[in-house]
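Chain by chain, the residues:
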Amino acid sequence: MSPDYAVVIPTVGRDSLSVILDALEHGSGPPPREVIVVDDRPTPGPLPPTRAARVLRSGGRGPAAARNAGWRAACCEWIAFLDDDVVPPRDWKRRLADDLDGLGLDVAGSQARITVPLPEDRRPTDWERGTAGLADARWITADMAYRRAALVHVGGFDERFPRAYREDAELALRLLDEGYRIVRGSRETTHPVRRSDFFASLRQQRGNADDALMRRLLGEGWRSRIGGHPGRLRRHTLTTAAGVLTVVLGLLRSRAALVTGAVWAALTARFAAERIAPGPRTPDEVLRMVVTSVAIPPAACAHRVRGELRHRAVRR
């Protein structure tokens, strides 16, 4: 029996949206009852041809709000979420149907296996290695099917997460805490590495504000619950403190500035070296790692403080 499902695709207008819609229209397998594209740009603009998909607007409030708008507009048993930059195989619909077939009512979601293609002729860059981490991420909504009744039960995604960061794991933990299971299916979806600019890794530090919300919602042990690696915030805090002290002591013409400056330089050099070593070590990549390694620690600390202040009233 074919599953009753809808496909929801939040988008910011990427051309890759056409790839997904083409796979849904021409690929093999039972078709969805509906395809919903949610335009999540603050100012809607032209989209690639959306064919028979229904287009909604979410006002640029982030992927959590966009996915909520999509699944709440659908009336199917299952909601399959796809990001607008993935590449589903031609038989994705058939594989999804196989994954959903026979799942018990205690199963809230079915997660796809994500593949991130990396260069074969050189070592991956820092940005490429970061994207490759999606392949091992738990509950990633790049390709995730959720039972609509389970989403209704827990209220969907938490829209206080404004980025594509942590909102998927937070939802999954709420579902698990309610006694649901989330299983990994056999379907595979490719997540290509998007192009990045010089300061992409610096902008990623905004996620530290979302980590503050995760801590407020889930307690100090939240990172281990999502299978995450220990963060670098403590070291970034030490590096930033050493840098600030160096400036202050330098203005006071204190010789202690030489000591704190040496600490700052050593910590920054270590951070840069850790990022350079596994990469291609091209001049452009080395320059990018050095410059952003100087800027990332204070940026990470500033965003974390901003998050703690913004979410200080949140209770578990």
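Look above for the structure.
Below you will find a few notes about this structure. Treat the numbers as computed from the prediction; the structure is a model and nothing was measured. (Residues numbered from 1 in each chain as written. Predicted model: local features only at pLDDT ≥ 70, side-chain atom pairs only at ≥ 80, totals over all residues. Heavy atoms only, no water.)

## Some details on helix 8 (residues 207-218)
Just so we agree on the cut-off: A run of H or I in DSSP counts as a helix once it spans at least four residues, and a run of E counts as a strand once it spans at least two, with each numbered from the N terminus. Multiplying 1.5 Å by the helix residue count minus one yields the expected span of that helix. Residue exposure (1.4 Å probe, protein chains only): buried if accessible area is under 20% of the type maximum, exposed if over 50%, otherwise partly exposed. The contact criterion used is simple: two residues touch if any of their non-hydrogen atoms lie within 4.5 Å.
Under the 1.5 Å per step criterion, the end-to-end length of helix 8 is 16 Å for 12 residues, consistent within 8% with the ideal 16 Å. For helix 8, the tally of buried residues reaches 10 of 12 residues, placing the bulk of the element in the interior. Within the span of helix 8, buried status applies to Gly-207, Asn-208, Ala-209, Asp-210, Asp-211, Ala-212, Leu-213, Met-214, Leu-217 and Leu-218. At its buried positions, helix 8 is contacted by helix 6 (167-177), helix 9 (222-225), helix 10 (233-251) and helix 12 (283-310). Immediately beyond the C-terminal end of helix 8, within one or two residues, lies Gly-219, with a positive phi of roughly 90 degrees.

## Overview of the pattern of salt bridges
Counted only if it meets this: The salt bridge definition used is simple: a Lys or Arg side-chain nitrogen within 4 Å of an Asp or Glu carboxyl oxygen.
Per the counting criterion, the structure on display carries 39 salt bridges. Residue Asp-85 is joined to Arg-14 by a salt bridge in which the shortest nitrogen-to-oxygen separation is 4.0 Å. Taken together, the residues Asp-85 in the loop between strand 4 (78-82) and helix 3 (92-100) and Arg-14 in the loop between strand 1 (5-11) and helix 1 (17-26) connect sequence positions 71 residues apart. On the basis of relative accessibility, which here comes to 8%, the residue Asp-85 falls in the buried class. One network of salt bridges, with partners in common, ties together Arg-215, Arg-216, Glu-220, Arg-304 and Glu-308.

## Things to note about unusual backbone geometry
Of note in this structure, Arg-51 is not a glycine but carries a positive phi near 55 degrees. Mapped onto the secondary structure, Arg-51 falls in the loop between strand 2 (34-39) and strand 3 (54-57). The residue Arg-253 is not glycine, and still its phi comes out positive at about 60 degrees. Looking at where Arg-253 falls in the secondary structure, it is placed in the loop between helix 10 and helix 11 (256-276). The class of Arg-253 is exposed, set by a relative accessible area of 79%.

## As for the layout of surface pockets
Our working definition: Only protein atoms enter the 1 Å grid used here, on which a cavity is any set of points holding a 1.4 Å probe that cannot leave and a pocket is any open set flanked by protein within 12 Å on both sides along at least five of seven lines; residues with an atom within 4 Å of a point are listed as lining. Grid points are joined across faces, edges and corners, and a volume is the space filled by probe spheres set on the points. Note on residue categories: nonpolar means Ala, Val, Leu, Ile, Met, Phe, Trp, Tyr, Cys or Pro, charged means Asp, Glu, Lys or Arg, and polar means any other residue, Gly included.
Empty space within the second largest pocket amounts to approximately 230 Å³. Together, 19 residues line the second largest pocket, and Thr-125, Trp-127, Ser-196, Glu-285 and Arg-288 are the ones closest to its centre. Of all the secondary-structure elements, those providing two or more residues to the lining of the second largest pocket are helix 4 (126-132), helix 7 (200-203) and helix 12. Tallying contributions element by element places helix 12 first for the lining of the second largest pocket, with 4 residues. Split into classes, the residues belonging to the lining of the second largest pocket amount to 6 nonpolar, 4 polar and 9 charged.

## Some details on a nonpolar patch on the surface
The cut-off we apply is this: Only residues whose relative accessible area exceeds 30% and that form no salt bridge enter a patch; like-charged residues are grouped when within 9 Å of one another, and nonpolar side chains (Val, Leu, Ile, Met, Phe, Trp, Tyr) when within 5 Å. Per-residue and other accessible areas were derived by the Shrake-Rupley procedure at a 1.4 Å probe size, with only the shown protein chains allowed to occlude residues.
Residues Phe-199, Leu-287 and Val-291 make up a contiguous nonpolar surface patch of roughly 240 Å² in combined accessible area. Checked against the element boundaries, Phe-199 lands in the loop between strand 7 (181-190) and helix 7. The partly exposed category is assigned to Phe-199, whose relative accessible area is 38%.

## Describing the sheet that holds strand 5 (residues 107-115)
Pairing between the strands of a sheet is mediated by backbone hydrogen bonds and can be parallel or antiparallel. Just so we agree on the cut-off: One bridge is not enough; two strands pair if DSSP finds at least two bridges between them. Here, axes are lines fitted to C-alpha atoms. For helices the fit covers the stretch in contact, and angles between N-to-C directions go from 0 to 180 degrees.
With respect to topology, 7 strands assemble into an open sheet ordered 3-2-1-4-6-5-7, the strand pairing being mixed. The two strands at the open ends of the sheet, each matched to only one other strand, are strand 3 and strand 7. The average angle at which neighbouring strand axes cross in this sheet is 20 degrees, direction not considered. For strand 1 and strand 4, the ladder comprises 4 bridges, and the chain directions are parallel. What sits directly across from Ala-6, in strand 4, is Ile-79. Strand contacts of helix 3: strand 1, strand 4, strand 5, strand 6 (143-147) and strand 7, with the helix running at about 165 degrees to strand 7, the strand carrying the most contacts. Contacting strand 5, strand 6 and strand 7, helix 6 runs over the sheet at an angle of about 35 degrees to strand 6.

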